[in-house]
Amino acid sequence: MNEETRLRLKLMAGLLDYPGTPGFWTRLAKRREDLRDLLPRLSPVIQTWETLGRDRLARIYVETFDFGPKTALYLTVHEMGDSRNRGAALLELTTLYRREGFEPPDEELPDFIPSLLELAAVASDETGMALYERLGQVAAQLSEALSSDHPYRPIFDALKDTLTYLAPVIPPSREETPDIDHLPYPVEYR
């Protein structure tokens, strides 16, 4: 992956940070020129955010990403839902961070998409390709789940395009698979 693509991933990771985080708006102002040069289609997003204001954007962020599995910013929620296998997947991601020479974020689970985007931007090619494919799938799902006028939708569209270029995305299956392994079977009807 070239340096420009790495910077794009880092920029999009920063845009997906919670807007109420201390320093978010200062960092955003500093990244404005890079956004204009590397991701020009996202420049209007920043203008929309500024029009909405800090409090309203923070409320939209929470309502969008914190209250529903279809728009959660956690990779394994999209891949596994509420499966008990999610814990093992989180441990595998923690190992992945460490194998690449990093520690997973302290304040978030290791599958937090912005953190994984930052990891993907600096990871080895082998790790990067695995992350691009997985993150590309989720970016496509998030893009589809958000309305066309949602203030975060353009980020997922850009992310989907970037990651699809790096690792082609296979359309997600529409079938849901419930986690029923823990139920007593066989169920007998008489």
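Throughout this description, residue numbers start from 1 for each chain and increase along the sequence as written. Side-chain atom pairs in this predicted model are given and counted only at pLDDT of 80 or more, local residue features only at pLDDT of at least 70, and totals for whole chains, interfaces and linings cover all residues. Think of the side-chain values as coming from all heavy atoms in the structure, minus any hydrogens and water.

A. Broad picture of the overall build of the protein chain. The helix and strand tally for the protein chain stands at nine helices and zero strands. Labels follow the DSSP assignment, with helices taken as runs of H or I lasting at least four residues and strands as runs of E lasting at least two, numbered in each case from the N terminus. Counting from the amino terminus, helix and strand elements in the protein chain follow one another as α-α-α-α-α-α-α-α-α. Across the 190 residues in the protein chain, those meeting the buried criterion constitute 43%. The long-range share in the protein chain, meaning contacts at least 24 apart out of those at least 6 apart in sequence, stands at 63%. Accessible surface is estimated by sampling points in the Shrake-Rupley manner with a 1.4 Å probe; for residues, cover comes only from the protein chains shown. Carbon and sulfur atoms provide 51% of the accessible area of the protein chain, an area that totals close to 11100 Å². The buried label applies to any residue whose accessible area, calculated with a 1.4 Å probe on protein chains only, is under 20% of its type's maximum; exposed applies above 50%, and partly exposed to all values in between. In what follows, residue pairs with any heavy atoms lying within 4.5 Å of each other are defined as contacts.

B. Spatial organisation of the packing of aromatic side chains. Each Phe, Tyr or Trp ring, with Trp reduced to its six-membered ring, pairs with another whose centre is within 6.5 Å; inter-plane angles below 30 degrees give stacked pairs, above 60 give edge-to-face pairs, and intermediate values give tilted ones. Using the criterion set out here, one finds nine aromatic pairs in the structure. Between phenylalanine 24 and tryptophan 25, the ring centres sit 5.4 Å apart and the planes meet at 85°, which makes this aromatic pair edge-to-face. Side by side, phenylalanine 24 and tryptophan 25 carry an identical accessibility label, which is buried. A ring pair is formed by tyrosine 61 and phenylalanine 65, whose centres lie 4.9 Å apart and whose planes are at 70°; its orientation type is edge-to-face. Residue tyrosine 61 and its partner phenylalanine 65 are both found in helix 4 (residues 54–65); the two are separated by four residues, about one turn of the helix. Across this residue pair, the class does not change: tyrosine 61 and phenylalanine 65 are buried.

C. Representation of helix 2 (residues 24–38) within the structure. What a helix should span is 1.5 Å times the count of its residues minus one. Over its 15 residues, helix 2 runs 19 Å from end to end, which matches the ideal 21 Å to within 8%, given 1.5 Å per residue. What is called the bend at a residue is the angle between a pair of axes, fitted to the seven residues leading up to and ending at it and to the seven starting from it. The largest bend in helix 2 is about 45°, located at arginine 31. Taken as a whole, helix 2 has its buried residues at Phe24, Trp25, Leu28, Leu35 and Leu38. In the core, the buried residues of helix 2 are packed alongside helix 1 (3–15), helix 3 (43–52) and helix 4.

D. The side chain of histidine 150, seen in detail. Along the chain, histidine 150 falls in the loop between helix 8 (125–145) and helix 9 (153–166). Excluding its chain neighbours within four sequence positions, the residues that come into contact with histidine 150 are Ile60 and Thr64.

E. Local environment of helix 6 (residues 86–99). With 14 residues, helix 6 extends 20 Å from end C-alpha to end C-alpha; this agrees with the ideal 20 Å at 1.5 Å per step. Residues of helix 6 that are buried: Arg86, Ala89, Leu90, Leu93, Thr94, Leu96 and Tyr97. Axial view of helix 6: buried residues confined to an arc of 155°, hence all on one face. More than 90 degrees from the buried face of helix 6, the exposed residues found are Leu91, Glu92 and Arg99. Taken together, the buried residues of helix 6 touch helix 5 (75–80), helix 7 (113–122) and helix 8. Directions from the helix axis toward the C-beta atoms define the arc.

F. Region of the structure containing the environment of arginine 6. Relative to the assigned elements, arginine 6 resides in helix 1. When the C-alpha positions of arginine 6 and glutamate 118 are compared, they lie 8.4 Å apart, and in sequence the two are 112 residues distant. Residues contacting arginine 6, with those up to four places away along its chain left out, are Met1, Ala120, Ala121, Val122, Ala123 and Asp125. Nitrogen and oxygen atoms within 3.5 Å of one another constitute a polar contact, given that in protein one can donate a hydrogen and the other can accept it, and given that sequence-neighbouring residues count only through two side-chain atoms. Side-chain polar atoms of arginine 6 contact the backbone oxygen of alanine 121, separated by 2.4 Å.

G. Fine view of the packing of helix 1 against helix 7. Angles shown run from 0 to 180 degrees and are taken between the N-to-C directions of axes, each axis being a line fitted to C-alpha atoms and, for helices, limited to the stretch in contact. At a closest axis distance of 8 Å, the pairing of helix 1 and helix 7 adopts a crossing angle of 165°. If you check the angle between helix 1 and helix 7, you find them roughly antiparallel. In this structure, the crossing between helix 1 and helix 7 has a hand that is left-handed. Contacts from Arg6, Leu9, Lys10, Met12 and Ala13 in helix 1 reach Pro114, Leu117, Glu118, Ala120, Ala121 and Val122 in helix 7. By the convention adopted, Pro, Cys, Tyr, Trp, Phe, Met, Ile, Leu, Val and Ala count as nonpolar, Lys, Arg, Asp and Glu as charged, and the other residues, Gly among them, as polar. Among the residues making up the contact of helix 1 with helix 7, the classes are represented as eight nonpolar, no polar and three charged. Here the word oblique covers every angle except those under 35 degrees (roughly parallel), over 145 (roughly antiparallel) and from 65 to 115 (roughly perpendicular). A clockwise turn of the near helix away from the far one marks a right-handed crossing, whereas an anticlockwise turn of less than a right angle marks a left-handed crossing.

H. Representation of the confidence of the model for the protein chain within the structure. Per-residue confidence from the predictor is reported as pLDDT, which spans 0 to 100. Confidence along the protein chain averages 87 in pLDDT terms, with 86% of residues attaining 70 or more. Averaged pLDDT values over the elements of the protein chain bottom out at 89 in helix 9 and peak at 96 in helix 4. Across residues 183–190 the pLDDT falls below 50, and counting only partners more than four positions away or on other chains, this stretch makes one contact in the model.

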